[in-house]
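# Summary of the model geometry
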Amino acid sequence: MTVDVLTHDEETAEAPASAPASAPEVSPDEATVTESASPASSEGSTEPAAEEAPKPKRGRPKGAATASTAKKTRTVELTLTVTGTADGEWQAELKNGSKWVAKGLEIPAAAVSRAAKELHADLSGPIDEVINQAREAQAAKVAALEAELEKAKQALAELDA
């Protein structure tokens, strides 16, 4: 039996001639054992694979000389959720990672509008549309209540007369 050691680079160099294109990758640490049909090769030669020159490992070598000089930035995951209703009531919730910092804080619609304008124009457009719809709904509600109040005042005046 003959022991052949193939590294990943040697195997891929031989791949077009000896292996199909879909052969699995072999890491540099793995060895492939092949059997030979000739009896002479299995008798005398049992050379260890370690006598071959070691191939350098793939990837960047580790060490102080190759340390990255890029500045590592610490990222913070904060999630601010602002929700609004058709009536114009707005609430904010803040989460730091998986921990809740604040929940159910009532905030005015004007503050939401200002904050959206400060953040980005693409945010302020849709938010202002929602706020304007709520404003129109509240104005209609006020008009209906004023009409009802006027009727109630007239009914009261008739009863006093």
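Here the structure is a predicted model, which is why all the values come from computation and not from measurement.

## Concerning the packing of aromatic side chains
As enumerated under the stated definition, the model contains zero aromatic pairs in all. Above the plane of the ring of Trp100 lies Lys103, whose end atom (NZ or CZ) is 4.6 Å from the centre.

## Overview of the confidence of the model for the chain
When pLDDT is averaged along the chain, the result is 75; 61% of the residues meet or exceed 70. Strand β2 (residues 32-34) is the least confidently modelled element of the chain, averaging 45 in pLDDT, while strand β4 (residues 90-96) averages 95, the highest of any element. In this model, residues 8-43 is a region of pLDDT below 50 whose contacts with residues beyond four sequence positions or in other chains number 24 contacts.

## Some words on the pairing of strand β5 (residues 99-107)
The pairing of β4 with β5 spans six bridges and is antiparallel. When the sheet's bridge partners are listed, Gln91 is paired in β5 with Glu106. In textbook terms, the turn of a hairpin is the stretch between consecutive antiparallel strands, and for β4 and β5 this stretch comprises two residues, one of which, Gly97, has a positive phi near 70°.

## Points about helix α4 (residues 121-160)
The terminal C-alpha atoms of α4, which comprises 40 residues, lie 57 Å apart, in line with the 58 Å expected from a rise of 1.5 Å per residue. Inspection of α4 places Ser124, Asp128, Ile131 and Ala134 among the buried residues, and these make up the whole buried set. Residues of α4 that are buried make contact with β4 and α3 (109-119).

## Some words on the packing of α3 against α4
Two numbers describe a pair of packed helices, the interaxial angle and the distance between the axes. Interhelical geometry of α3 versus α4 gives an angle of 160° and a closest axis separation of 8 Å. Classified by the interaxial angle, the pair formed by α3 and α4 is roughly antiparallel. The way α3 lies across α4 gives a crossing that is left-handed. Between α3 and α4, the residues in contact are Ala109, Val112, Ser113, Ala116, Lys117 and Leu119 and Leu123, Ser124, Ile127, Asp128 and Ile131, respectively. Its residues placed into classes, the contact of α3 with α4 shows seven nonpolar, two polar and two charged.

## Description of the sheet that holds β4
Across the sheet, which stays open at both edges, the three strands sit in the order β3-β4-β5 with antiparallel pairing between neighbours. Both edges of this open sheet fall to β3 (78-84) and β5, since each of them pairs with a single strand only. Across the sheet, the mean angle from the axis of one strand to that of its neighbour is 15°, orientation sign disregarded.

Parameters and conventions
- Residues numbered from 1 in each chain as written.
- Predicted model: local features only at pLDDT ≥ 70, side-chain atom pairs only at ≥ 80, totals over all residues.
- Heavy atoms only, no water.
- Phe/Tyr/Trp six-rings, centres within 6.5 Å; stacked < 30°, edge-to-face > 60°.
- Lys NZ or Arg CZ within 6 Å of the ring centre and 35° of its normal.
- pLDDT = per-residue confidence, 0-100.
- Helix = DSSP H or I, 4+ residues; strand = E, 2+ residues; numbered from the N terminus.
- Contact = heavy atoms within 4.5 Å.
- Pairing = 2+ DSSP bridges.
- Expected span 1.5 Å × (residues − 1).
- Buried < 20%, exposed > 50% of the residue type's maximum accessible area, 1.4 Å probe, protein only.
- Axes fitted to C-alpha atoms, helices over the stretch in contact; angles between N-to-C directions.
- Parallel < 35°, antiparallel > 145°, perpendicular 65-115°, else oblique.
- Left-handed = near helix turned anticlockwise from the far one by under 90°.
- Nonpolar A, V, L, I, M, F, W, Y, C, P; charged D, E, K, R; others polar.

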